[in-house]
Amino acid sequence: DSKAVEDDSQNPDIPKTTLMVRHIPNKYTQRMLLNVCNERGFQGTINFFYLPIDFRNKCNVGYAFVNFTNEEEALRFKTDF
C-alpha cells in the first residue's frame with residue numbers, strides 16, 4: 001500500500017519558507033547570487049540554497065530554490081526582490 005502525499009501548500013497553518021527565484025541572469029554563480037542576498041540583509045536567514053547549473057554550457061538555468069529560517073524572512077525576501 002502506498003499513501004498519497006498530502007498537499008499542504010494551501011494550509012495557512014504551515015509556514016511557507018521556500019521560494020523559487022526566477023529570471024536569474026545565466027552567468028550568475030551561486031556565490032554571486034548569495035552575495036546579492038547577503039548585501040540586501042539576508043545573511044544568516046537562508047538555510048538551503050539550490051541554483052541548478054547546466055554543466056555543458058557552464059551557466060545556471062535561470063532559477064533557484066531558496067529556503068529561509070522562518071516565514072517572515074521569506075516574505076521579506078519576496079517583497080525585496
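Let us look at the structure shown here.

1. Description of the sheet that holds strand S1 (residues 18-22)
With antiparallel pairing, the three strands of this open sheet are ordered in space as S1-S5-S2. Each having just a single partner strand, S1 and strand S2 (46-50) make up the two edges of the open sheet. Averaged over all neighbouring strand pairs, the angle between strand axes comes to 20 degrees, with direction disregarded. Relative to strand S5 (residues 63-68), S2 is paired through four bridges, and the arrangement is antiparallel.

2. Thoughts on the environment of Thr17
Relative to the helices and strands, Thr17 resides in the segment before S1. As a C-alpha pair, Thr17 and Thr69 span 52 residues in sequence and 7.0 Å in three-dimensional space. Beyond its immediate stretch of four places on either side in the chain, Thr17 contacts Val66, Asn67, Phe68, Asn70, Glu71 and Ala74. Polar contacts involving the side chain of Thr17 include one to the side chain of Asn67, which spans 2.8 Å.

Basis of the calculations
Per chain, the residues get numbers from 1 upward, laid out in the order the sequence is written. Where totals are concerned, whole chains, interfaces and linings use all residues; where local detail is concerned, this predicted model gives features only for residues with pLDDT of at least 70, and gives and counts side-chain atom pairs only at 80 or more. Based on all heavy atoms of the structure, the side-chain values leave hydrogens and waters out of the count. Whether two strands pair comes down to DSSP finding at least two bridges between them. Comment: elements are numbered from the N terminus, with helices defined as DSSP H or I runs of at least four residues and strands as E runs of at least two. Only the contacting stretch of a helix is used when fitting its axis, a line to C-alpha atoms as for every element, and angles between N-to-C directions run 0 to 180 degrees. Any two residues whose heavy atoms approach within 4.5 Å at even a single point are treated as in contact. Here a polar contact means two N or O atoms within 3.5 Å. Within protein one must be a hydrogen donor candidate and the other an acceptor candidate, and residues neighboring in sequence count only if both atoms are side-chain atoms.

On their own, these measurements won't tell you what the molecule is for.
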